[in-house]
Amino acid sequence: MTSRRTFLLRSGLAAGALAWPKLLRAPSSTVPSLLLSGPDLPLVRNVELQPLLAQVHRLVSATDYLGSPLPPSDKQKLVSASQHNDPVQTIQEVLDRHCLIGVTIDQGSAPVATLGPAKPELVQSGWRQFLVKVHNAAGVTTAVRATSDQARPLAGAEIDELAPRWLDLMMFDRQPLAETLSGLALEYRILQLYSRDAGWRAARLAFELVSPEGSPASGTLGAELPVQFHCLPAQSVRWQVRDETGQPTVAAFVIRDAQGRIHPSQAKRLAPDFAFHPQVYRSDGEVLALPAGDYTVEYWHGPESRTKTQALSVADTGPGASAQDAAFQMERWIDPARLGWWSGDHHIHAAGCAHYMEPTEGVRPEDMFRHTLGEDLKVGANLTWGPGFDYQKRFFTGQDDRVSQPTHLLHYDVEVSGFGSDRSGHLVLLRLKEQIPPGGDSDHHWPTLGLNTLRWAKRQGAVCGPAHSGWGLGVDSTDLPNYIVPPFDSIGANEYIMDVTHEVPGPDGTLVPAVDFMSLVDTPYASELNIWYHTLNIGYRTRVGGETDFPCVSGDRVGMGRSYVKLDGALEYADWCEGLRRGRAYVSEGMSHLLEFRVNDVAVGERGSELRLAKGGAVRAKVKAAALLPAQPNRDRGLRPEFFWDLERARIGETRTVPVELIVNGVPVAKQTLVADGVMRSLTFEAPIARSSWVALRILPSSHTNPIWVRVGGRPVRASRRSAEWCLEGVDQCWSQKEQFIAADELDQARADYEHARQTYRRLLAECDVD
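Because the structure is predicted, anything quoted here is derived from the model rather than measured. Numbers given to residues run from 1 along each chain, matching the order in which its sequence is written. Owing to the predicted nature of the model, reporting of local features is limited to residues with pLDDT of at least 70; listing and counting of side-chain atom pairs is limited to 80 or more, with chain, interface and lining totals taken over all residues. Values reported for side chains reflect all heavy atoms of the structure, with hydrogen atoms and water molecules removed beforehand.

Caption draft 1: Seen up close, the overall build of the chain. Starting at the N terminus, helices and strands are each numbered in turn, a helix being any DSSP run of H or I of at least four residues and a strand any DSSP run of E of at least two. For the chain, the count of helices and strands is 14 helices and 39 strands. Rg of the C-alpha trace for the chain: 30 Å, near the compact-globule value of 28 Å for 771 residues, within the 12% margin. In terms of overall dimensions, the chain has a C-alpha envelope of 100 × 60 × 55 Å along the principal axes. Think of it in three bands: residues with accessible area under 20% of the maximum for their type are buried, residues over 50% are exposed, and the middle band is partly exposed, with areas taken using a 1.4 Å probe on protein chains only. Looking at the chain residue by residue over its 771 residues, the buried ones come to 58%. Separation of charge centres in the chain, based on 79 positive and 92 negative side chains, amounts to 4 Å. Values of the radius of gyration come from C-alpha atoms, whereas the globule rule sets the reference at 2.2 Å times the count of residues to the power 0.38. By the counting rule applied here, Lys and Arg register as positive and Asp and Glu as negative, while His and the ends of each chain are not counted. Each charge is placed at NZ for Lys, CZ for Arg, CG for Asp and CD for Glu.

Structure representation (structure tokens):
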């Protein structure tokens, strides 16, 4: 590669460039004022409007994602730009003000950079985002890379020892933006700049075209552009974080400056701060570095606390000053743990999906634990899976991780995902003693039949169930139950339709159900609940638990899907998993709660969750219910996917009430309204039970109890012939999709296991006397 010095000599720019070391060491008063900001950038003419609008839409989404959004007034102007006489000019007038650099690319020439009108202001120990206006007259479709000797020299370039390295920089070229230029005459890119220092700092920026393989295209390194930056000093601010009792705690904070920019910048966060959501988690006594100015701080301590907002002013106290204090008091609206109901998320990850994979393959236990503490998640089941498996497996011990505390546990277990039987449906394996089956030490030799994995896990006493149950089970109906057979073509509770019919040996050889629970909350509720309701209707007793699949299905935060498990004594992971297995729990996304559910004198999860009646008659169901919604509807759900369970979707019209439904065999038979003001209320329902049935309560889609089975005259539940037929058809449909993924040496076993399911459903169908 041509060295930087050689290129400058050839381009006739050597004299000015070689004078730069003196300028870098000069006091700011000697820096020419023209370097502080540039003039308006030239308008680009003859630009097609439709593709420009599409690119601008992606650009705005990217600035939002990076926590450096455009001002609302500018967004509005962009939305209405097409109504102007010259919409292309209007767009440029709006966006050019945010451009630090304009880059022109002519045919056969290197990129030419000019200084734009945006103020070249950085912040010490933080990242700032600027727009770059690209006039692509050559129509190239390569990537554009920014470089600077003040950041790091180009590979092969001569190193200028007089260029102090205080800067880091990168072009943001990930979704929603494309990695390469589109070839359009005009588009805008994002340049990210980080300053190590405070004060006035000079840098030389250059831009080059990069091939799709990542190597510079020949002769495409542009001349260096001198820029004088003002780097705002960061002030030390000590966080005082107290829970509702006044004790030190950890909480979530979204910190925005007066321009709406998020601090610390999301652009280049490393653990324990995650770049894919706006909040950071801080404990009492920790210090943040923030530039002087006014901020708005939004904070919370999990869904059981109220989200609050307060102003923060950071003064410029000068170098060497003591840290300023910022105090935050949490406010609970409910505390299920004080009543013996302990929250847990049985599906979170420390690697893969939104996590970075460098400098390590994911993050460490202490990083994940900070997030569970900040969301007041009592149990975090941190599942090792395909990405980073061989790095993350070192944290599995079969015991709680060393970072755990008496009231908050982090425990490593496994999700079969990215290997083994994953294409037949991912499996969550909890309470493992060994994390890898015999025959290898990684993820390359696992069974391709999910039931074989369950056989291995259940022999060691594991608690098991499918992950993100709804994937592959979606149909064009939200009726519950509905009788449309889904495609069974994805990674949710697909093979469950076969697995649930099997019992396998437990630790002592006694046969136990192969599947203990279904996972709810993180996929469309109708898809999750429909298959569960059908199997309950013909006598199976699978329980349910709540999960987030953080940060894959959602990177919003851990604990968006939770199981609240009732424990009689201290919090223990094994006991919590056992409560999940026994169904002594309810599922919630944290904003509604259904505690102490019982039918007559039987409480959920106790005495086998079974009420026995000699003959049919009325039963009485009781529950302590609470929910919290803002007085006015709030449609902004942050990063939460639309299909996630969400109490806002249960709101009745514009009121502050939600429905609580009593479910018998999958059908609502009684309903009451609950005011979602955070107050716990006792509700009582009555329903006639003529034959053996299962009974549950729900606030849909926000919370759901596990069932209580009412056995009449000693008969098992056989509530629906149509459910048995649906299950039987589901086995054939599932086999048609999954046979291709099963290894040859497991095919005979798989055929036998699927045939067992068919015969079982035929028998159950014959035993049903109700359509």
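From this point on, the discussion continues.
Caption draft 2: Layout of the nonpolar core. Counting residues in hydrophobic clusters, the biggest one holds 90 residues, and the most contacted among them are M368, L429, W446, I497, L529 and Y761. What makes two residues a contact is simply this: any of their non-hydrogen atoms within 4.5 Å. If we ignore the near neighbours within four places in the chain, the residues touching I497 are F488, I531, W726, C727, G730, V731, C734 and Y761. Ranked by size, the runner-up nonpolar core spans 40 residues in total, among them A625, L697, I699 and I708. We define the nonpolar core as a collection of buried residues of types Ala, Val, Leu, Ile, Met, Phe, Trp, Tyr and Cys that are connected through side-chain atoms lying within 4.5 Å of one another.

Caption draft 3: Representation of the sheet that holds strand β36 (residues 681–689) within the structure. In this description, strands pair whenever DSSP reports at least two bridges between them. Pairing is antiparallel across the open sheet formed by four strands, whose spatial order is β31-β30-β33-β36. Each having just a single partner strand, β31 (602–603) and β36 make up the two edges of the open sheet. In terms of strand pairing, strand β30 (residues 592–599) meets strand β33 (residues 617–627) through six bridges, oriented antiparallel. Each bridged residue has a counterpart across the sheet, and for L594 the counterpart in β33 is A625.

Caption draft 4: Layout of the pairing of strand β27 (residues 543–546). Neither face of β27 is left uncovered, since the one carrying R543 and G545 and the one carrying V544 and G546 both have all their residues buried. Bridge analysis of strand β26 (residues 517–520) against β27 gives four bridges, and the strand direction is parallel. In the sheet register, F517 faces β27, and the bridge partner there is R543. The handedness of a crossover follows from its direction of travel: if, with the strands pointing away from the viewer, the path from the first strand over the helix to the second runs clockwise, the crossover is right-handed. Read as a crossover between parallel neighbours, the route from β26 over helix α11 (residues 525–537) to β27 is right-handed.

Caption draft 5: How the structure looks around the confidence of the model for the chain. Per-residue confidence for the chain averages 91 on the pLDDT scale, and 92% of its residues sit at or above 70. Values of pLDDT, ranging from 0 to 100, describe the predictor's confidence in every residue of the model. Every residue in residues 1–35 is under pLDDT 50, and counting partners more than four places away or in other chains gives 53 contacts.

Caption draft 6: Looking closely at the pattern of salt bridges. By definition here, a salt bridge exists when the distance from a side-chain nitrogen of Lys or Arg to a carboxyl oxygen of Asp or Glu is within 4 Å. Summed over all chains, the structure comprises 50 salt bridges. R718 serves as the salt-bridge partner of E767, at 2.7 Å between the closest nitrogen and oxygen. Linking E767 in helix α14 (residues 747–767) with R718 in the loop between β39 (708–712) and α13 (721–738), this pair joins segments that are 49 residues apart in sequence. R718 sits in the buried class, given a relative accessible area of 12%. Among the charged side chains, a network of salt bridges with common partners joins E244, E304, R332, D335, D376, K378 and R562.

Caption draft 7: Quick look at the sheet that holds strand β18 (residues 324–329). The strand order across the open sheet built from three strands is β15-β11-β18, with neighbouring strands paired in mixed fashion. Looking at which strands have only one partner, the edges of the open sheet turn out to be β15 (287–291) and β18. Taken over all neighbouring pairs, the strand axes of this sheet differ in orientation by 35° on average, direction set aside. Pairing geometry for strand β11 (residues 234–242) and β18, over six bridges, is parallel. When the bridges of β18 are listed, R242 appears paired with Q329. Lines fitted to C-alpha atoms define the axes, with helix axes restricted to the stretch in contact, and inter-axis angles between N-to-C directions lie between 0 and 180 degrees.

Caption draft 8: Structural detail: the state of the cysteines. Cysteine sulfur atoms that come within 2.5 Å of each other are treated as a disulfide pair. Here the structure, examined in full by the defined rule, presents one disulfide. The disulfide bridge from C353 ends at C552, spanning 2.0 Å between sulfur atoms. On the sign convention where negative means left-handed, the S-S torsion of about 100° between C353 and C552 marks this disulfide as right-handed. Of the two residues, C353 is situated in the loop between β19 (341–348) and α7 (365–374) and C552 in the loop between β27 and β28 (562–566); the sequence distance between them amounts to 199 residues. Owing to a relative accessible area of 46%, C353 belongs among the partly exposed residues under this scheme. Using a relative accessible area of 26% as the deciding quantity, one classes C552 as partly exposed. In this model C464 remains outside any disulfide bridge; the closest cysteine sulfur is found in C577, 10.0 Å from its own. The exposure class assigned to C464 is buried, which follows from its relative accessible area of 0%.

Caption draft 9: How the structure looks around the packing of helix α4 (residues 49–65) against helix α6 (residues 87–96). Where α4 contacts α6, the two axes come as close as 10 Å, and the packing angle between them is 25°. When the interaxial angle is binned, α4 and α6 end up roughly parallel. In terms of crossing hand, the pair formed by α4 and α6 is left-handed. Here α4 contributes L49, L52, L53, V56 and L59 to the contact with α6, which in turn contributes P87, V88, I91 and L95. Tallied by class, the residues present in the contact of α4 with α6 amount to nine nonpolar, no polar and no charged. Roughly parallel here means an angle under 35 degrees, roughly antiparallel means over 145, roughly perpendicular means 65 to 115, and every remaining angle is called oblique. Crossings are classed by handedness, with left-handed meaning an anticlockwise turn of the near helix from the far one by less than a right angle and right-handed meaning a clockwise turn. Gly counts as polar in this scheme, as do all residues outside two lists: the nonpolar Ala, Val, Leu, Ile, Met, Phe, Trp, Tyr, Cys and Pro, and the charged Asp, Glu, Lys and Arg.

Caption draft 10: View of unusual backbone geometry. Omega for the peptide link from Q175 to P176 comes to 10°, which places this bond in the cis form. Turning to its location among the elements, P176 is positioned in the loop between β6 (167–172) and β7 (186–195). Backbone torsion omega between E358 and P359 reads 10°, so that peptide bond is classified as cis. Residue position: P359 is located in the loop between β19 and α7. Phi is positive for N46, which is not a glycine, with a value near 55°. The residue N46 is located in the loop between α3 (20–25) and α4 in this model. The phi dihedral of R607 is positive, around 55°, even though this residue is not glycine.

Caption draft 11: A look at the side chain of H347. With respect to the helices, strands and loops of the structure, H347 is situated in strand β19. The exposure class of H347 is buried, given its relative accessible area of 0%. Setting aside its immediate chain neighbours within four residues, H347 contacts A381, L383, E415, V428, A467, H468, E547, T548, D549 and F550.

Caption draft 12: How the structure looks around α11. The span one expects for a helix is its residue count, reduced by one, times 1.5 Å. Over its 13 residues, α11 runs 18 Å from end to end, which matches the ideal 18 Å to within 8%, given 1.5 Å per residue. Of all 13 residues that make up α11, 13 are buried, and the element is covered over most of its length. G539, located one to two residues past α11, shows a positive phi value of around 110°.

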